[in-house]
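Survey of secondary and tertiary structure
This is what each chain is made of:
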Amino acid sequence: MDLSYGGFGRAVERLLRAFIVAAAGAMMAMSGPALAQTPDVKEVKPIKLAVLGDSLTAGYGLPVSAAFPVRLQKALSDKGIATDIHNAGVSGDTTTGGLARLDWSIPPGTEAVIVELGANDALRGVDPKVARGALDEILNKLKARNIAILLCGMYAPPNYGSDYTAKFNSIYPDLAKSHKVPLYPFFLDGVATEAKLTQPDGLHPTAAGVDVVVERILPTVEAFLKDRALQLSKP
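In this report, we go over the structure that sits alongside the text. (Residues numbered from 1 in each chain as written. Predicted model: local features only at pLDDT ≥ 70, side-chain atom pairs only at ≥ 80, totals over all residues. Heavy atoms only, no water.)

Structural notes on the overall build of the protein
- The helix and strand inventory of the protein stands at ten helices and five strands.
- Long-range pairs, those at least 24 residues apart, make up 75% of the contacts in the protein with a sequence separation of at least 6.
- Carbon and sulfur atoms make up 61% of the accessible area of the protein, which amounts to about 13,300 Å² in all. (Helix = DSSP H or I, 4+ residues; strand = E, 2+ residues; numbered from the N terminus. Contact = heavy atoms within 4.5 Å. Areas by Shrake-Rupley, 256 points an atom, 1.4 Å probe, with all protein chains shown as cover.)

Quick notes on the pattern of salt bridges
- For the structure shown, the criterion picks out six salt bridges.
- For D163, the salt bridge goes to K167, with nearest N and O atoms at 3.4 Å. Pair noted here: D163 and K167 are both in helix α8 (residues 162-169), with a separation of four residues, about one helical turn. (Salt bridge = Lys/Arg side-chain N within 4 Å of Asp/Glu carboxyl O.)

Re empty space enclosed by the protein
- Counted according to the given criterion, the structure contains one cavity of 30 Å³ or more.
- Its volume calculated, the largest cavity comes out at about 30 Å³.
- Grouping the constituent residues of the lining of the largest cavity by class yields five nonpolar, three polar and no charged. (1 Å grid on protein atoms, 1.4 Å probe; cavity = no way out; pocket = protein on both sides within 12 Å on 5 of 7 lines; lining within 4 Å. Points joined across faces, edges and corners; volume = space filled by probe spheres on them. Nonpolar A, V, L, I, M, F, W, Y, C, P; charged D, E, K, R; others polar.)

Quick word on the side chain of E116
- If you trace the backbone, E116 turns up in strand β3 (residues 112-116).
- Among buried charged residues, E116 stands out as having no salt bridge; its nearest opposite-charge side chain is R101, 7.9 Å away.
- In terms of polar contacts, E116 uses its side chain to reach the side chain of T57, at 3.2 Å.
- If we ignore the near neighbours within four places in the chain, the residues touching E116 are L52, G53, D54, L56, T57, C152, M154 and F187. (Buried < 20%, exposed > 50% of the residue type's maximum accessible area, 1.4 Å probe, protein only. Lys, Arg positive; Asp, Glu negative; His and termini not counted. Polar contact = N/O pair within 3.5 Å; in protein donor to acceptor, adjacent residues only side chain to side chain.)

Here we look at the layout of surface pockets
- Empty space within the largest pocket amounts to approximately 340 Å³.
- Lining of the largest pocket is provided by 20 residues; of these, A119, L123, M154, L188 and L203 occupy positions nearest its centre.
- When contributions to the lining of the largest pocket are tallied by element, the ones reaching two or more residues are α2 (55-58) and α6 (119-124).
- The element contributing the most residues to the lining of the largest pocket is α6, with four residues.
- Class assignment for the residues of the lining of the largest pocket results in 13 nonpolar, six polar and one charged.

Quick look at the sheet that holds strand β5 (residues 183-184)
- Read across the sheet, five strands follow the order β2-β1-β3-β4-β5 without closing on themselves; strand pairing throughout is parallel. If you trace the sheet from one side to the other, it starts and ends with β2 (83-89) and β5, each paired once.
- Relative to strand β4 (residues 148-152), β3 runs parallel, the two sharing four bridges. Bridged to V115 within β4 is L151.
- Each of β4 and β5 touches helix α9 (residues 171-179); the most contacted strand, β4, lies at about 160 degrees to it. (Pairing = 2+ DSSP bridges. Axes fitted to C-alpha atoms, helices over the stretch in contact; angles between N-to-C directions.)

Notes on helix α7 (residues 128-144)
- Between its terminal C-alpha atoms α7 stretches 24 Å, which fits the 24 Å expected from 17 residues at 1.5 Å a residue.
- Taken together, the buried positions of α7 are P128, A131, A134, L135, I138, L139 and L142. On an axial view of α7, the arc spanned by its buried residues comes to 135 degrees, and they lie on one face. In α7, those exposed residues whose orientation departs by more than 90 degrees from the buried face are K129 and A144.
- The N-cap of α7, judged by a side-chain oxygen 2.9 Å from the amide nitrogen of K129 a few residues on, is D127.
- Phi turns positive one or two residues past the end of α7, at N146, with a value near 60 degrees. (Expected span 1.5 Å × (residues − 1). Arc of directions from axis to C-beta.)

Given below as structure tokens:
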């Protein structure tokens, strides 16, 4: 064995190299199985939701960013709930109009729908039987497509008399019960008749009014989407 300074240094260098190679091999052997056992992180797919409605959800008189579907999606995202919300609101639409365009308004792959229709029926004094029939058919068609439904109620103005008001207002709880779908009793809860939250027409919510609507309905929507997610997870 060369014990000279240069020979000793070369011997040490060879030993160090052998140690580094061995250590690297051991580390790779240890890390390989560990990495293989690490489960892949699956990306959570957003729930495909549509809002079938009239000007109240379409965003009448407001920038696109202030419309109900946009603000609702933001509120749900803040809660950690990923959604892809399609705005299927058309200003001036009645329940009959919503039924007529239903098939092409709700995109394929939609998993859940919030139905908000009837305000224009009430304002125009449409026969409650007509509105009830149209909404009933809308719910039937959505259920046939295996789409979960959250029904939003509307109240008739009192100027049509107590008989009309009673018949119209009963449409929503009756349909929710018969179709076994969740009901949000009054879409404009907290906003209707509040001048500071409505536009000059006294009917449509301002941007601040939309945020109040979203705040009020959010717990119901959360529960609705949670129930839908559980249904989709069942084999």
